[in-house]
Amino acid sequence: MKQMLIAVVLLVLTIPVFSQKRYFTKSGQISFAAGTAAEDIDGVNKATTSVFDAATGQIEFALLVKGFEFKRALMQEHFNENYMESDKFPKSVFKGKIVNIDKVNFQKDGSYPVTVKGVLDMHGEKKEIETTGTLKVTGETVHSDASFTVLLADYKIEIPSLVKDKVSKTVTIKINCNYNVLK
Amino acid sequence: MRTWKKIITGVIVLALAAAGYGWFLYQKPPPDIRKEKGGIEITAIELLKAFQQDEMAGNAKYVDKVLIVSGIVNGIQTDSSGQATVTLRTNDLLAAVTCSFYQDDEGVKKIKTGAPVRIKGICTGMLSDIVLNKCSLAE
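What counts, and where the lines are drawn
- Residues numbered from 1 in each chain as written.
- Chains lettered and ligands numbered in written order.
- Predicted model: local features only at pLDDT ≥ 70, side-chain atom pairs only at ≥ 80, totals over all residues.
- Heavy atoms only, no water.
- UniProt positions renumbered as here; feature names shortened; annotations may be inferred.
- Helix = DSSP H or I, 4+ residues; strand = E, 2+ residues; numbered from the N terminus.
- Core = buried A, V, L, I, M, F, W, Y, C linked by side-chain atoms within 4.5 Å.
- Buried < 20%, exposed > 50% of the residue type's maximum accessible area, 1.4 Å probe, protein only.
- Contact = heavy atoms within 4.5 Å.
- Buried area = accessible area lost by both parts, 1.4 Å probe.
- Salt bridge = Lys/Arg side-chain N within 4 Å of Asp/Glu carboxyl O.
- Polar contact = N/O pair within 3.5 Å; in protein donor to acceptor, adjacent residues only side chain to side chain.
- Nonpolar A, V, L, I, M, F, W, Y, C, P; charged D, E, K, R; others polar.
- Phe/Tyr/Trp six-rings, centres within 6.5 Å; stacked < 30°, edge-to-face > 60°.
- Pairing = 2+ DSSP bridges.
- Disulfide = S-S within 2.5 Å.
- Axes fitted to C-alpha atoms, helices over the stretch in contact; angles between N-to-C directions.
- Parallel < 35°, antiparallel > 145°, perpendicular 65-115°, else oblique.

- Chain B is annotated in an unreviewed UniProt entry as tRNA_anti-like of Niastella vici.

- Under an unreviewed UniProt entry, chain A has the name Polyisoprenoid-binding protein and belongs to Niastella vici.

Below you can see the structure in the form of structure tokens.
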């Protein structure tokens, strides 16, 4: 009887372990827009790695700066050489937390609004970011959507005065990732 | 007087040519990697090893270069927009070679999990995986 009780207790204790799911993607899309009325400037990175923990809400994104694709060759060159200095700073990383992860029911399909707080490490500078987004649960997959703006000056990215009216001082960053369960 | 006219006409023609060339350079789209000839032939296993041994050297040797990577397909993922990502197996369980394909690429449909493949693309560096973008199926 005692043994059975211990067995039941052990079984109950292991349940939370089973539900501690991690979701990940290697093909997340992160795009940015830094254009003005004078010129459209945008790039997209289609190979962003991201992982989040459904229990703790810890979330991370990592991408290679050279992986941004542009409509114009010259834009890509300037982005890498003059603005992001991607030889010196090849990666950008975001590490943070979905603060209201407890409001997301991964067992039930639907769209859940989330708030993410964390630190964006870009161009060798680290800055706190807070943004809202959505997690869309469909069976075993989760789709994340978010959009936020950053100030280029915060990351010590300088805009030459010659193109001041073409490059925006703030950049809108959009996140679009499809996650699968990490097995 | 006539020489002056000639000089002015010459200057205007040169200025127009320069502006035209500038506009051409400005509007030039990025090169289509599918049409590029050649590329560095390497296996997925060797490529990962090169980066794991010395990431800086790997960056210098392979990043921004056209590679033709051969390996065994670990998985294929296509999203709703038709954007496909193929991963190639390596000797490391935790790291692969991730190949992000051209959105409209037809070749990716011929790729099968577990089969050998040669993929052409631009190396962008190492996260935990080695990443290639603008990929297509190599002939």
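1. Quick look at the UniProt feature "domain: Lipid/polyisoprenoid-binding YceI-like" (unreviewed entry) in chain A
- According to UniProt, the positions carrying the feature "domain: Lipid/polyisoprenoid-binding YceI-like" (unreviewed entry) are residues 39-177 of chain A.
- Note that residues 39-177 of chain A is 8% helix and 55% strand, and that its end C-alpha atoms are spaced 27 Å apart.

2. Quick notes on the nonpolar core
- Counting 44 residues, the largest nonpolar core has A:Phe32, A:Phe52, A:Phe106, A:Leu135 and A:Val150 as the members making the most contacts within it.
- When residues no more than four places from it in sequence are discounted, the contact partners of A:Phe106 are A:Tyr23, A:Phe52, A:Ala54, A:Ile101, A:Leu135, A:Val137, A:Gly139 and A:Val142.
- Counting residues in each nonpolar core, the second largest holds 26 residues, with B:Leu47, B:Val69, B:Ala84 and B:Ala95 among its members.

3. Some details on the interface of chain A and chain B
- Facing 22 residues of chain A, the contacting portion of chain B comprises 26 residues.
- Looking only at chain A, the three residues that lose the most surface to chain B are A:Lys26, A:Leu64 and A:Lys66, adding up to 25% of its buried area.
- Summed over the shared surface of chain A and chain B, the number is three salt bridges.
- A:Lys26 serves as the salt-bridge partner of B:Asp129, at 2.8 Å between the closest nitrogen and oxygen.
- Counting across the chain A and chain B interface gives 10 residue pairs in polar contact (both at pLDDT 80 or more).
- Listed by contribution, the elements that provide at least two residues to the side of chain A that touches chain B are strand E1 (22-33), strand E2 (42-53), strand E3 (58-64), strand E4 (68-70), helix H2 (73-83) and strand E9 (170-181) of chain A.
- Classifying every residue of the side of chain A that touches chain B by side-chain character gives seven nonpolar, seven polar and eight charged.

4. Focus: the packing of aromatic side chains
- Evaluation of the coordinates by the stated rule reveals 13 aromatic pairs over all chains.
- Plain terms: the ring middles of A:Phe32 and A:Phe68 are 5.5 Å apart, the flat faces sit at 75 degrees to each other, and that makes the pair edge-to-face. Linking A:Phe32 in strand E1 with A:Phe68 in strand E4, this pair joins segments that are 36 residues apart in sequence. With respect to burial, A:Phe32 and A:Phe68 carry one shared label: buried.
- Consider the rings of B:Phe51 and B:Tyr62, whose centres lie 6.1 Å apart with planes at 35 degrees: the pair is tilted. Residue B:Phe51 is located in helix H2 (residues 44-53), and its partner B:Tyr62 is located in helix H3 (residues 55-62); the two are separated by 11 residues in the primary sequence.

5. Some remarks on the pairing of E1(A)
Residue and element names in this part refer to chain A.
- Inspection of the sheet shows E1 paired to E2 by nine bridges, in the antiparallel sense. Within E2, the residue paired with Ala33 across the bridge is Asp42.
- Inspection of the sheet shows E1 paired to E9 by seven bridges, in the antiparallel sense. Considered in E9, the bridge of Phe32 is made with Ile173.

6. Let's talk about the UniProt feature "transmembrane region" (unreviewed entry) in chain B
- Residues given the UniProt feature "transmembrane region" (unreviewed entry) here are residues 7-26 of chain B.
- Note that residues 7-26 of chain B is 100% helix and 0% strand, and that its end C-alpha atoms are spaced 28 Å apart.

7. Details of the side chain of B:Thr90
- Locating B:Thr90 in the fold gives a position in the loop between strand E3 (84-88) and strand E4 (97-101).
- Among residues more than four places away in sequence, those in contact with B:Thr90 are B:Ala44, B:Ile45, B:Leu48, B:Ala95, B:Ala96 and B:Val97.

8. Section: unusual backbone geometry
- Positive phi values are uncommon outside glycine, yet A:Glu85 reaches one of about 45 degrees.
- Note that A:Glu85 resides in the loop between H2 and strand E5 (91-98).

9. A short note on the state of the cysteines
Residues and elements named next belong to chain B.
- Under the criterion given, the structure shown has zero disulfides over all chains.
- Between Cys99, a free cysteine, and Cys135, which holds the nearest cysteine sulfur, the sulfur-to-sulfur gap is 4.4 Å.
- Given a relative accessible area of 0%, Cys99 falls into the buried group.
- Sulfur of Cys123: no disulfide; nearest cysteine sulfur belongs to Cys135 and is 9.5 Å away.
- Take Cys123: its relative accessible area is 0%, and that puts it in the buried class.

10. Overview of the packing of H2(B) against H3(B)
Residues and elements named next belong to chain B.
- H3 packs onto H2 with a crossing angle of 130 degrees between their chain directions and a minimal axis gap of 5 Å. When the axis of H2 is compared with that of H3, the two are oblique. Contact residues: Leu47, Ala50, Phe51 and Gln53 in H2; Glu55, Gly58, Asn59 and Tyr62 in H3.
- A breakdown of the residues in the contact of H2 with H3 according to their chemical character gives four nonpolar, three polar and one charged.

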